[in-house]
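Residues per chain are reported as follows:
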Amino acid sequence: MSHGNRQKHESKNPIQRALIRRFSAAMVAMVARVKPRTIIDVGCGEGYMLRALVDAGVDAELWGLDLSETAIADAKARLGDRAHLEVRDAHELAAIGQRFDLVMMLEVLEHIPEPSKILPLLGQLSRGHILVSVPWEPYFRGLNFVRGKNLAAFGNDPEHVNHWGRGSFRRFLEARYTVLEMPGVFPWVMALASTDAPA
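Source: prediction; values computed, not measured. Here, residues in each chain are numbered from 1, in the same order as that chain's written sequence. Under the rules for a predicted model, residues below a pLDDT of 70 receive no local features and side-chain atom pairs below 80 are neither given nor counted, while totals for whole chains, interfaces and linings still include all residues. To get the side-chain values, all heavy atoms of the structure are used, and hydrogens and water are removed first.

Undergrad: Any details on the pattern of salt bridges? Residues and values, ideally.
TA: Salt bridge, as used here: a side-chain nitrogen of Lys or Arg that lies within 4 Å of a carboxyl oxygen of Asp or Glu. Overall, the coordinates contain eight salt bridges when judged by the stated rule. Two residues, arginine 37 and aspartate 101, come together in a salt bridge whose shortest N-O distance is 3.7 Å. With a gap of 64 residues between them, arginine 37 in the loop between helix H2 (14–34) and strand E1 (38–42) and aspartate 101 in strand E4 (residues 100–106) connect regions that are remote in the sequence. The exposure class of aspartate 101 is buried, given its relative accessible area of 14%. In this structure, aspartate 55 engages arginine 51 in a salt bridge whose closest nitrogen and oxygen atoms are separated by 3.0 Å. With aspartate 55 and arginine 51 both in helix H3 (residues 48–55) and four residues apart, this pair spans about one turn of that helix. Connected through shared salt-bridge partners, Arg37, Asp101 and Arg127 make up one network. Strands are runs of DSSP state E lasting at least two residues, helices are runs of H or I lasting at least four, and both sets are numbered from the N terminus onward. Throughout this description, buried means an accessible area under 20% of the type-specific maximum (1.4 Å probe, protein chains only), exposed means over 50%, and partly exposed covers the range between.

Undergrad: Describe the environment of phenylalanine 23, with residues and values.
TA: One can find phenylalanine 23 in helix H2. The class of phenylalanine 23 is buried, set by a relative accessible area of 5%. It only takes one pair of heavy atoms within 4.5 Å for two residues to be counted as in contact. For phenylalanine 23, the contacting residues outside a window of four places in its chain are Met49, Leu106, Glu107, Ser133, Val185, Trp188 and Met190.

Undergrad: Describe the environment of aspartate 66, and please don't skip the residues or the numbers.
TA: Tracing the chain through its elements places aspartate 66 in strand E2 (residues 61–66). Measuring from C-alpha to C-alpha, the distance between aspartate 66 and aspartate 41 comes to 8.7 Å, with 25 residues separating the pair along the chain. Not counting the four nearest positions on each side in its chain, aspartate 66 is found in contact with Gly43, Cys44, Gly45, Ala71, Ile72, Glu86, Val87 and Arg88. Identification of polar contacts relies on pairs of N or O atoms within 3.5 Å, with a donor-acceptor requirement for protein atoms, meaning one able to donate a hydrogen and the other able to accept it, and with residues adjacent in sequence counted only if both atoms are side-chain atoms. Polar side-chain contacts of aspartate 66 include one of 3.4 Å to the backbone nitrogen of cysteine 44.

Undergrad: Could you give me a rundown of the nonpolar core, with the residues and numbers involved?
TA: Membership of the largest hydrophobic core comes to 33 residues, with the highest contact counts inside it found for Met27, Ile39, Leu53, Met104 and Leu131. Only H2, H3, helix H4 (69–79), strand E3 (83–87), E4 and strand E8 (188–194) provide two or more residues apiece to this core. Top contributing element to this core by residue count: H2, with nine residues. For our purposes a nonpolar core is just a set of buried Ala, Val, Leu, Ile, Met, Phe, Trp, Tyr and Cys residues, chained together by side-chain atoms within 4.5 Å.

Undergrad: Pulling in residues and values, what's your account of the packing of H2 against H3?
TA: To obtain each axis, a line is fitted to C-alpha atoms, and for helices this fit is confined to the stretch in contact; angles are then taken between N-to-C directions over 0 to 180 degrees. The N-to-C vectors of H2 and H3 enclose an angle of 65°; their axes lie 10 Å apart at closest approach. Every pair of crossing elements has a handedness; the one defined by H2 and H3 is right-handed. For the pair H2 and H3, contact is made by Phe23, Ser24, Met27, Val28 and Val31 and by Met49, Ala52 and Leu53, respectively. For the contact of H2 with H3, the residue count by class is seven nonpolar, one polar and no charged. When the near helix sits turned anticlockwise from the far one by under a right angle, the crossing is termed left-handed; a clockwise turn instead gives a right-handed crossing. Residues are grouped as follows: Ala, Val, Leu, Ile, Met, Phe, Trp, Tyr, Cys and Pro are nonpolar; Asp, Glu, Lys and Arg are charged; every other residue, Gly included, is polar.

Undergrad: Can you break down the side chain of glutamate 86 residue by residue, with the values?
TA: Among the secondary structure elements, glutamate 86 is positioned in strand E3. A distance of 2.9 Å separates a polar atom in the side chain of glutamate 86 from a polar atom in the side chain of histidine 84. Sequence-distant contacts of glutamate 86, that is, excluding residues within four places in its chain, are made with Trp63, Gly64, Leu65, Asp66 and Ile72.

Undergrad: Lay out helix H6 (residues 118–125) with the relevant residues and their values.
TA: For H6, a buried count of six out of eight residues is recorded, marking the element as mostly surrounded by other parts of the structure. For H6, the full list of buried residues reads Ile118, Leu119, Leu121, Leu122, Gly123 and Leu125. In the core, the buried residues of H6 are packed alongside E1, helix H5 (90–95), E4, strand E5 (126–135) and helix H8 (166–174).

The structure is reproduced here in structure tokens:
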């Protein structure tokens with residue numbers, strides 16, 4: 001996953017770079033909306049999104065978790081002492097009662113075999129809000145296909161085991177939480193949700 005992340009975030013393709021910039025700007029806007037003092041990025045990878053928050057001047061205590069030692073080493077090089085970064089399973093933090101104002105999980109749920117089991121974990125870690133994103137299907141696969149990526153799988157990334165559109169992702173989240181906003185960040189779906197149960 002690490003290599004793909006670097007390719008995505010450090011692409012020289014101007015369209016790809018513009019899409020990533022728009023994604024980052026939407027993330028920063030959602031963070032600004034809820035004004036968290038503490039933020040954790042679960043599955044933070046190499047720390048690109050945490051770095052985007054720092055670069056945007058977000059004044060919060062930042063945490064990042066990932067299961068990859070290589071990714072966390074990269075994240076530490078990218079963020080220095082601006083974020084608390086650990087190779088750790090988020091379940092461990094939830095078990096000891098660690099809580100954060102905002103819990104982010106960006107571009108991770110599509111990789112997890114039973115994503116419905118992760119939603120309660122995000123709520124356990126959160127004092128109020130979660131920010132999540134996934135590829136917007138079928139458009140994400142279509143864009144891959146037209147640029148010649150993963151042709152044998154009709155554009156589907158072999159690591160993606162779940163696929164959502166905007167409507168199905170909203171329903172997935174609203175089984176447990178209250179969706180506050182879903183900014184347009186094609187070809188991804190992003191959602192800010194309150195961890196209060198839906199009315």
